[in-house]
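# Residue-level structural notes
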Amino acid sequence: MTTTSEPVLLADRLVKRFPGVRALDQATLRMHPGSIHALLGENGAGKSTLIKILTGVHRPDAGTLTLAGEQRSFHSPHDALTAGVGVVHQERNLVPEFSVAENVTLNRTPARRGLLDRDSMREQARAALDLIGLDVDVDTPVRTLSVAQMQLVEVAKALATDSRVLLLDEPTSALTLAETDRLLEVMARLRDQGRSLLLVSHKLDEVFAVCDTVTVLRDGASVLQAAPLADHPRAEVVDLMVGRRHEQAEFAAREFDRTAVPALELAGVATGYGHRAVDLDVRRGEIVGLYGLVGAGRTELAKAVLGLDRITAGEVRVGGTPVRIAGVGQALADHRIGYVPENRKEEGLFLTQPLTMNIAVTVWRRIGKALGYVPRAAERSLAQEYIERLGIRVSGPGQLAGQLSGGNQQKVSLAKWLAADVEILIVDEPTVGVDVRTKAAFHQVIWQLAADGMAILLITSDLPEMVTLADRIAVMHEARVVGTVPNDHDYPSTSQAVIGLVHRAG
């Protein structure tokens with residue numbers, strides 16, 4: 001790390017209030033050139049609010065922002081970008097119909113004599129893509145790329161602005177291990193060039209692999225400021241994040257009838273996406289994991305089961321009976337199947353609606369009155385029950401879902417299916433972008449749901465999470481199930497068996 005008495009960016013004693021919430025409370029962040037700085041904290045600690053102030057989305061109610069020794073006040077993201085502050089958000093911010101080159105250069109589109117300079121655009125895009133090792137045609141429409149490729153294009157877009165400060169908010173959430181390693185190498189190279197990078201991540205392995213300094217936020221305040229990461233062991237960092245000593249979760253013994261008719265079964269299933277000859281089953285009280293690299297077709301298989309894509313061959317059976325499901329609504333109404341999607345913002349929640357509506361939407365028929373009237377008091381009572389049960393941090397049941405942190409949004413996405421009392425639950429990437437304590441709470445909830453007799457199909461790219469929860473792990477590669485690994489919850493042996501299957505299939 002380059003040492004300097006002058007920070008390139010100093011956010012000093014920032015305060016930001018929202019209705020009923022003090023999101024930042026005298027928070028301070030100090031970043032130096034030639035450094036990768038970790039910003040850590042639980043969901044709701046204030047990390048996203050701080051990022052939004054640094055990038056001009058929000059303005060602080062108090063405190064100052066200094067960039068390269070000059071006090072600044074950003075009124076818009078364009079102001080921050082022009083000043084040299086780039087950002088890679090967790091949620092992609094790309095134009096699907098635009099080409100890769102158009103997206104990469106969108107913030108600074110090259111022109112000649114008042115006209116778009118497409119040759120220069122392609123050259124700039126190719127240079128940024130080469131920096132991160134992404135080999136795609138720059139004229140390719142972004143909508144045709146995989147999720148992982150889109151995330152890398154987002155990174156290239158930020159690099160193309162030549163920002164002196166680069167903020168990366170959960171940049172590896174959709175990347176494979178190899179792609180993650182590549183991005184961490186790029187970050188290290190940028191640091192060595194003298195740039196200042198900020199990494200927000202709940203994956204502590206990544207943080208300790210690449211970061212040199214750390215700031216920890218808790219309840220909107222900085223409880224550790226710009227400290228050398230090497231001086232703070234992982235356990236101490238976690239304790240600072242949660243505010244008390246973090247204990248590893250222990251689960252009660254859970255048994256299920258392995259000879260029972262499967263609650264959900266796929267027999268020789270093929271889909272419009274390209275799956276073929278997929279056999280998969282999960283019984284009541286069982287957690288079956290579905291693992292594979294990004295692009296293996298796990299999410300697409302789940303959506304086909306729910307009627308969101310065509311099943312072209314084979315059978316889906318619920319309780320031993322062949323079924324044809326036409327959509328998520330029918331899956332719930334006729335078969336008591338719930339689905340917690342990976343993309344909670346676009347598929348799991350109504351962001352502009354209150355928690356009461358988001359949690360109660362699956363049971364409107366049950367709590368509704370004549371002519372479809374749904375009493376607000378009934379919605380509120382139901383929402384309050386699950387707010388307390390799942391520990392959702394809110395100012396009240398009337399708070400809008402879009403105002404919550406990512407982890408709390410995921411809890412709301414789960415709560416609506418628990419309220420519906422489903423018997424089969426498909427959970428896709430339940431803890432992406434979720435902090436240590438919230439992740440442990442999710443694990444406890446999922447384990448207990450299975451103990452209570454629910455059949456759970458768990459899709460996750462987090463192999464430790466898979467080994468922690470699943471009874472069996474089905475491994476997918478190129479839209480096929482290539483094998484199943486029994487899980488004794490011993491991470492070294494089970495993970496080696498899973499990774500071995502992936503490598504042999506590839």
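In this report, we go over the structure that sits alongside the text. As the structure is a prediction and not an experimental result, all values here were calculated from the model. (Residues numbered from 1 in each chain as written. Predicted model: local features only at pLDDT ≥ 70, side-chain atom pairs only at ≥ 80, totals over all residues. Heavy atoms only, no water.)

Okay, the overall build of the protein chain next. Each helix and strand in the protein chain was counted, giving 18 helices and 22 strands. Taken over the C-alpha trace, the protein chain has a radius of gyration of 24 Å; the compact-globule value for 506 residues is 23 Å, and the two agree within 12%. Across its three principal axes, the protein chain shows a C-alpha extent of roughly 70 × 50 × 50 Å. Buried positions account for 54% of the 506 residues belonging to the protein chain. Here the contacts in the protein chain between residues at least 6 apart in sequence split such that 67% fall between residues at least 24 apart. If the 55 positive side-chain charges of the protein chain are averaged to one point and the 62 negative ones to another, these points end up 4 Å apart. (Helix = DSSP H or I, 4+ residues; strand = E, 2+ residues; numbered from the N terminus. Rg over C-alpha atoms; globule rule 2.2 N^0.38 Å. Buried < 20%, exposed > 50% of the residue type's maximum accessible area, 1.4 Å probe, protein only. Contact = heavy atoms within 4.5 Å. Lys, Arg positive; Asp, Glu negative; His and termini not counted. Charge placed at Lys NZ, Arg CZ, Asp CG, Glu CD.)

Structurally, His-275 is set in the loop between strand 13 (264-271) and strand 14 (278-282). Judged by its relative accessible area of 2%, His-275 falls in the buried class. A polar contact is formed between the side chain of His-275 and the side chain of Thr-271, at a distance of 2.7 Å. Looking at His-275, its side chain comes within polar contact range of the main-chain oxygen of Gly-297, at 2.7 Å. Beyond its immediate sequence surroundings of up to four residues, His-275 is in contact with Val-269, Ala-270, Gly-297, Glu-300, Leu-301, Met-476 and Ala-479. (Polar contact = N/O pair within 3.5 Å; in protein donor to acceptor, adjacent residues only side chain to side chain.)

Counting through the fold element by element, Asp-117 comes out in the loop between strand 8 (115-116) and helix 4 (118-132). Of the polar contacts made by the side chain of Asp-117, one reaches the backbone nitrogen of Ser-120; its length is 3.2 Å. Not counting residues within four places of it along the chain, the set of residues in contact with Asp-117 comprises Pro-110, Ala-111 and Arg-112.

What follows is about the environment of Pro-141. Tracing the chain through its elements places Pro-141 in the loop between helix 4 and helix 5 (147-159). The sequence separation of Pro-141 and His-75 amounts to 66 residues, and the corresponding C-alpha distance is 32 Å. Beyond its immediate sequence surroundings of up to four residues, Pro-141 is in contact with Pro-96, Phe-98 and Ser-99.

Below, the discussion takes up the sheet that holds strand 1 (residues 9-18). Pairing within the open sheet is antiparallel, and its four strands lie in the order 2-1-4-5. Bordering the open sheet on either side are strand 2 (21-31) and strand 5 (70-72), each of which pairs with just one other strand. The sheet shows a mean angle of 30° between the axes of neighbouring strands, taken without regard to direction. Bridge analysis of strand 1 against strand 4 (residues 62-67) gives five bridges, and the strand direction is antiparallel. Note on strand 4: the bridge partner recorded for Val-15 is Ala-62. Contacts from helix 1 (residues 47-54) reach strand 1, strand 2 and strand 4, with the element oriented near 115° to strand 1. (Pairing = 2+ DSSP bridges. Axes fitted to C-alpha atoms, helices over the stretch in contact; angles between N-to-C directions.)

Quick look at the packing of helix 5 against helix 6 (residues 177-192) now. Between helix 5 and helix 6, whose axes approach to 12 Å, the crossing angle comes to 10°. With respect to their mutual orientation, helix 5 and helix 6 come out roughly parallel. On the side of helix 5, the interface is formed by Ala-148, Leu-152, Val-155 and Leu-159, while helix 6 contributes Glu-179, Arg-182, Leu-183, Val-186 and Leu-190. Per-class residue counts for the contact of helix 5 with helix 6 are seven nonpolar, no polar and two charged. (Parallel < 35°, antiparallel > 145°, perpendicular 65-115°, else oblique. Nonpolar A, V, L, I, M, F, W, Y, C, P; charged D, E, K, R; others polar.)

Counted under the stated rule, the structure contains one cavity of 30 Å³ or more. Its boundaries defined by the atoms lining it, the largest cavity holds a volume of some 30 Å³. Lining of the largest cavity is provided by Val-104, Thr-105, Asn-107, Arg-108, Gln-124, Lys-157, Ala-160 and Thr-161. The residue makeup of the lining of the largest cavity, split by class, is two nonpolar, four polar and two charged. (1 Å grid on protein atoms, 1.4 Å probe; cavity = no way out; pocket = protein on both sides within 12 Å on 5 of 7 lines; lining within 4 Å. Points joined across faces, edges and corners; volume = space filled by probe spheres on them.)

Glancing now at the packing of aromatic side chains. To describe a pair of aromatic rings, one takes the distance between the centres and the angle between the planes. Taken as a whole and assessed by the stated rule, the structure comprises one aromatic pair. With centroids separated by 4.7 Å and ring planes inclined at 15°, the aromatic side chains of Phe-251 and Trp-447 adopt a geometry described as stacked. Of the two residues, Phe-251 sits in the loop between helix 8 (234-242) and strand 13 while Trp-447 sits in helix 16 (residues 436-451), which places them 196 residues apart along the sequence. When its relative accessible area of 10% is taken as the criterion, Trp-447 is described as buried. (Phe/Tyr/Trp six-rings, centres within 6.5 Å; stacked < 30°, edge-to-face > 60°.)

For Asp-169, the location among the structural elements is in strand 9 (residues 165-169). Each C-alpha atom of the pair Asp-169 and Val-88 lies 6.0 Å from the other, and the pair is 81 residues apart in sequence. Discounting chain neighbours no more than four positions away, the residues touching Asp-169 are Ser-48, Val-88, His-89, Gln-90 and Val-200.

Glancing now at unusual backbone geometry. Unusually for a residue other than glycine, Arg-13 sits at a positive phi of about 50°. Its place among the elements puts Arg-13 in strand 1. One non-glycine residue with positive phi stands out, namely Glu-478, at about 50°. Mapping Glu-478 onto the fold places it in the loop between strand 21 (472-477) and strand 22 (480-486).

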